[in-house]
Amino acid sequence: MIKEKCRKNKLLFAMIVICAAAVSVMALTLIISFRSTETKFVPPEFDENAVKGIPDVPDDLGWSEIDAQVFKFSVCGTLNLEGDTVNIWLTNPEDNSVWIKARMYDGDENVLGETGLIKPGEYIKSISILKQKKDDENVSLKIMAYQPDTYYSEGTVILNSVLQRGGEE
């Protein structure tokens, strides 16, 4: 009877050790797989085409200032597709305390193109389009704001519009 009790205790101890080892292996696998799927934030570059000042935008493009409460920006409401670029005249007012950038999406939420970062007091005339688009296509223009140096988000504004062929500069 004592031998049988010792054997049961040894068997129970072995089963506990095996279960603990299995749980440890599963936890380690989860930790490793979670770390390997993390995406590291890569700060966007500044736009090499950014120009200091306030642009002289044609009146028929619906260029206006938008107040997102934390930041302001100006952009065209009428988006003209000219070859492989879309004129947006995105402007970051000098009194802003954020860096901004824009990304354009098609109706299926595929990225069509994007700007680099634009500092306060700068503007960018256009976005280069990555693939040929047709006239009268619905698009979204996502304006993102970042704190300087830390790149913490200061908010996002999404504007819906339609690509139009041509237009005056």
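Further up the page is the structure itself.
Residues numbered from 1 in each chain as written. Predicted model: local features only at pLDDT ≥ 70, side-chain atom pairs only at ≥ 80, totals over all residues. Heavy atoms only, no water.

## With respect to the overall build of the protein chain
- Within the protein chain, the secondary structure is distributed over 1 helix and 10 strands.
- Secondary structure elements of the protein chain, listed N to C terminal, follow the sequence α-β-β-β-β-β-β-β-β-β-β.
- Evaluated residue by residue, the protein chain yields a buried proportion of 35% over its 169 residues.
- Contacts in the protein chain between residues at least 24 apart in sequence constitute 60% of all its contacts with a sequence separation of at least 6. (Helix = DSSP H or I, 4+ residues; strand = E, 2+ residues; numbered from the N terminus. Buried < 20%, exposed > 50% of the residue type's maximum accessible area, 1.4 Å probe, protein only. Contact = heavy atoms within 4.5 Å.)

## Looking at the environment of Tyr123
- Locating Tyr123 in the fold gives a position in strand β8 (residues 122-128).
- Its relative accessible area of 15% is what places Tyr123 among the buried residues.

## A word on the side chain of Glu122
- In this structure, Glu122 sits in strand β8.
- Engagement of the side chain of Glu122 in a polar contact is seen with the backbone nitrogen of Lys119, the distance being 3.1 Å. (Polar contact = N/O pair within 3.5 Å; in protein donor to acceptor, adjacent residues only side chain to side chain.)

## Things to note about the packing of aromatic side chains
- For the structure on display, the rule yields 5 aromatic pairs.
- When the ring of Tyr146 is compared with that of Tyr151, the centres are 6.4 Å apart and the planes differ by 65 degrees; the resulting orientation is edge-to-face. In terms of burial, Tyr146 and Tyr151 fall into one category: buried.
- Ring pairing ties together the aromatic residues Phe46, Trp99, Tyr146 and Tyr151, which thus form one cluster.
- Above the plane of the ring of Phe46 lies Lys119, whose end atom (NZ or CZ) is 4.8 Å from the centre. (Phe/Tyr/Trp six-rings, centres within 6.5 Å; stacked < 30°, edge-to-face > 60°. Lys NZ or Arg CZ within 6 Å of the ring centre and 35° of its normal.)

## Things to note about the pattern of salt bridges
- The tally for this structure, following the rule as stated, stands at 2 salt bridges.
- Close ionic contact of Glu114 with Arg103 constitutes a salt bridge, the shortest N to O distance being 3.2 Å. Pair noted here: Glu114 is in strand β7 (residues 111-114) and Arg103 is in strand β6 (residues 99-106), with a separation of 11 residues, a long-range link.
- Judged by relative accessible area, which is 37%, Glu114 ranks as partly exposed. (Salt bridge = Lys/Arg side-chain N within 4 Å of Asp/Glu carboxyl O.)

## Digging into a negative patch on the surface
- Together, Glu65, Asp67, Glu94 and Asp95 line one region of the surface with negative charge.
- Inspection of the secondary structure puts Asp95 in the loop between β5 (85-92) and β6.
- The exposed category is assigned to Asp95, whose relative accessible area is 65%. (Patch = residues over 30% accessible without salt bridge, like charges linked within 9 Å, V, L, I, M, F, W, Y side chains within 5 Å. Areas by Shrake-Rupley, 256 points an atom, 1.4 Å probe, with all protein chains shown as cover. Lys, Arg positive; Asp, Glu negative; His and termini not counted. Charge placed at Lys NZ, Arg CZ, Asp CG, Glu CD.)

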